[in-house]
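Observations on the three-dimensional arrangement
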Amino acid sequence: GAGIVLYILWFLSAMIGRQAGAFIPSPEKLGIDFALIAVFLTMAVSGLRGRKDIPVVIAAVIVSWLFYEYVGGKWYILAGGIAGGFTAWVTYGQD
């Protein structure tokens, strides 16, 4: 039951944020275009558990960058996630 409530709240807050974001004409001019990157980096750093995670991060970053440079579109997000996930699976095994 709690999962449904959390999903509904997440969905509603995302829709409110989407509508509110339409009122910001140019995020770059206000300096808030970096907010998404800052939130992601905060979550990523807090998720690191030790040195064993370093290959996972490196693989995800390299593959993401390669896809960003040479494939285009938003495929770098998916490719980096898959590369990081695969590297974690290889690094940690199937524990």
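Let me sum up the structure you'll find in this document.

Calculation criteria
Residues numbered from 1 in each chain as written. Predicted model: local features only at pLDDT ≥ 70, side-chain atom pairs only at ≥ 80, totals over all residues. Heavy atoms only, no water. Helix = DSSP H or I, 4+ residues; strand = E, 2+ residues; numbered from the N terminus. Rg over C-alpha atoms; globule rule 2.2 N^0.38 Å. Areas by Shrake-Rupley, 256 points an atom, 1.4 Å probe, with all protein chains shown as cover. Lys, Arg positive; Asp, Glu negative; His and termini not counted. Charge placed at Lys NZ, Arg CZ, Asp CG, Glu CD. Phe/Tyr/Trp six-rings, centres within 6.5 Å; stacked < 30°, edge-to-face > 60°. Buried < 20%, exposed > 50% of the residue type's maximum accessible area, 1.4 Å probe, protein only. Lys NZ or Arg CZ within 6 Å of the ring centre and 35° of its normal. Expected span 1.5 Å × (residues − 1). Arc of directions from axis to C-beta. Contact = heavy atoms within 4.5 Å.

Here the focus is the overall build of the protein. The helix and strand inventory of the protein stands at five helices and zero strands. Reading the secondary structure of the protein in the N-to-C direction produces α-α-α-α-α. A compact globule built from 95 residues should have a C-alpha radius of gyration of about 12 Å, whereas the protein, at 17 Å, is more than 25% larger. A principal-axis box enclosing the C-alpha atoms of the protein has dimensions of 45 × 40 × 25 Å. Looking at the protein as shown, the accessible area adds up to about 8,000 Å², and 73% of this sits on carbon and sulfur atoms. Placing the 6 positive and 5 negative side-chain charges of the protein at their respective mean positions leaves the two points 3 Å apart.

According to the stated counting rule, one finds four aromatic pairs in the structure shown. Pairing Tyr7 with Trp10 gives two aromatic rings, centres 5.7 Å apart and planes at 40 degrees, and the pair type is tilted. Of this pair, Tyr7 and Trp10 both sit in helix H1 (residues 2-21), three residues apart, roughly one helical turn. Given a relative accessible area of 49%, Tyr7 falls into the partly exposed group. Both rings, one in Tyr68 and one in Tyr76, keep their centres 5.2 Å apart while their planes meet at 90 degrees; by these two values the pair is edge-to-face. With relative accessibility at 22%, the residue Tyr76 sits in the partly exposed group. Over the ring of Tyr92 we find Arg49; its NZ or CZ atom is 5.0 Å from the centre of that ring.

This part covers helix H4 (residues 54-70). For H4, built from 17 residues, the straight-helix expectation of 24 Å at 1.5 Å per residue is met to within 8% by its first-to-last C-alpha distance of 24 Å. Those residues of H4 that sit buried are Val56, Ala59, Ala60 and Ser64. For H4, the arc enclosing every buried residue in end-on projection is 120 degrees, short of the 170-degree limit, so these residues lie on one face. Opposite the buried face of H4, by more than 90 degrees, sit the exposed residues Val61 and Tyr70. Contacts from the buried residues of H4 go to helix H5 (75-92). Just past H4, the residue Gly72 takes up positive phi, approximately 85 degrees.

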